[in-house]
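# Working through the structure, step by step
One letter stands for each residue in the lines below.
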Amino acid sequence: MLERIWQIAIHTPVWVYLLLIYLIIVGIKASKTRVTKLQRIFTIPTILAVMSVNTLMVTITVVDYLIVSSWIIAILIGILLGWWQVKRLGIRVDKKRLLIQIPGTWSTMYIIIAIFVTKYYFGYEQATDPIFAEQLGLKVSMLAVSGVCTGLFIGRLIGYLYHFKNSTEVY
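The next subject is empty space enclosed by the protein. Here the structure, examined in full by the defined rule, presents 1 cavity of 30 Å³ or more. Taken as a whole, the largest cavity holds about 100 Å³ of empty space. Taken together, L48, M51, S52, T55, I115, T118, K119, M142, V145, S146, C149 and T150 make up the full set of residues lining the largest cavity. The element that contributes the greatest number of residues to the lining of the largest cavity is helix 7 (residues 136-166), accounting for 5 residues. Taken together, the residues of the lining of the largest cavity break down into 6 nonpolar, 5 polar and 1 charged.

See below:
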């Protein structure tokens, strides 16, 4: 078992480890309250939405309504959970300077790591066992995780925008 883990580790490209380090840094920064420009809150949801659509396009060779609908349902679940998470936060805004104060949370780190681990695992399965990677259950699982995580960030974005639009408070 340890030999297999070692083989996986040494055959993983260096850029994957650099990406993991960067994602951990992003997660740590997100754990602290920060003030950011309104336009910056669109970055991660946009990147994840593009990645999720890319995952969908790469995963399906023939349009399979079960796969596509599970992905859409997963995104909607993620949006609801992300909205709920932000709805209860005390967010302060400065409409004049288009700034938003976002309370720190470790959930960003958890979501980012979940995405990384999932992508790594499914990439490993596709590289080592292409027949297993073609199974419907694996595809639906991969897209469900991708959809929920993407939806979480989209829901959080919607929540931040809602707070920004309806807030009269200035920090």
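After that view of the structure, there is still more to cover.
When the terminal C-alpha atoms of helix 5 (residues 107-128) are compared, their 31 Å separation across 22 residues agrees well with the 32 Å that a helix rising 1.5 Å per residue should span. If you check which residues of helix 5 are buried, you get S107, T108, M109, I111, I112, I115, F116, T118, F122, Y124 and E125.

A separate point is the layout of surface pockets. In this model, the largest pocket occupies a volume close to 1,200 Å³. Only helix 2 (14-30), strand 1 (34-37), helix 3 (43-59), helix 5 and helix 7 provide two or more residues apiece to the lining of the largest pocket. At 10 residues, the largest contribution of residues to the lining of the largest pocket is made by helix 5. Here the lining of the largest pocket is composed, by residue class, of 27 nonpolar, 6 polar and 5 charged. Where the lining of the second largest pocket is concerned, the elements lending two or more residues are helix 3 and helix 5. For the lining of the second largest pocket, the leading source of residues is helix 3, giving 5 residues.

So, about the packing of aromatic side chains. Counting across every chain of the model gives 3 aromatic pairs. Summarising the aromatic geometry, the rings of W83 and Y162 are spaced 5.1 Å apart at their centres and angled 70° between planes, so their arrangement reads as edge-to-face. Here W83, found in helix 4 (residues 65-87), pairs with Y162, found in helix 7; they are 79 residues apart in sequence, far enough to count as distant. Judged by its relative accessible area of 28%, W83 falls in the partly exposed class. Seen in terms of ring centroids, Y121 and F122 are 5.2 Å apart; in terms of plane orientation they differ by 65°. Their pairing is edge-to-face. By relative accessible area, which is 36% here, Y121 ends up partly exposed. For F122, a relative accessible area of 7% gives the class buried. R88 extends its terminal NZ or CZ atom over the ring of W84, reaching a point 4.8 Å from the ring centre.

Right, let's get into the packing of helix 5 against helix 7. Where helix 5 meets helix 7, the closest approach of the two axes is 10 Å, and the angle between their N-to-C directions is 155°. Considering their axes alone, helix 5 and helix 7 lie roughly antiparallel with respect to each other. When you trace helix 5 past helix 7, the crossing you get is left-handed. Contact residues: S107, T108, I111, I112, A114, I115, T118, Y121, F122, E125 and Q126 in helix 5; L138, S141, M142, V145, C149, L152, F153 and R156 in helix 7. Considered class by class, the residues forming the contact of helix 5 with helix 7 number 12 nonpolar, 5 polar and 2 charged.

Turning next to the pattern of salt bridges. Enumeration over the complete set of coordinates arrives at 2 salt bridges. Linking R97 and D94 is a salt bridge whose minimum nitrogen-to-oxygen distance equals 2.7 Å. Note that E134 and K139 form a salt bridge whose closest N and O atoms lie 3.0 Å from each other. According to the relative accessible area criterion, K139 is buried, its value standing at 7%.

Conventions we followed
Residues numbered from 1 in each chain as written. Predicted model: local features only at pLDDT ≥ 70, side-chain atom pairs only at ≥ 80, totals over all residues. Heavy atoms only, no water. 1 Å grid on protein atoms, 1.4 Å probe; cavity = no way out; pocket = protein on both sides within 12 Å on 5 of 7 lines; lining within 4 Å. Points joined across faces, edges and corners; volume = space filled by probe spheres on them. Helix = DSSP H or I, 4+ residues; strand = E, 2+ residues; numbered from the N terminus. Nonpolar A, V, L, I, M, F, W, Y, C, P; charged D, E, K, R; others polar. Expected span 1.5 Å × (residues − 1). Buried < 20%, exposed > 50% of the residue type's maximum accessible area, 1.4 Å probe, protein only. Phe/Tyr/Trp six-rings, centres within 6.5 Å; stacked < 30°, edge-to-face > 60°. Lys NZ or Arg CZ within 6 Å of the ring centre and 35° of its normal. Axes fitted to C-alpha atoms, helices over the stretch in contact; angles between N-to-C directions. Parallel < 35°, antiparallel > 145°, perpendicular 65-115°, else oblique. Left-handed = near helix turned anticlockwise from the far one by under 90°. Contact = heavy atoms within 4.5 Å. Salt bridge = Lys/Arg side-chain N within 4 Å of Asp/Glu carboxyl O.

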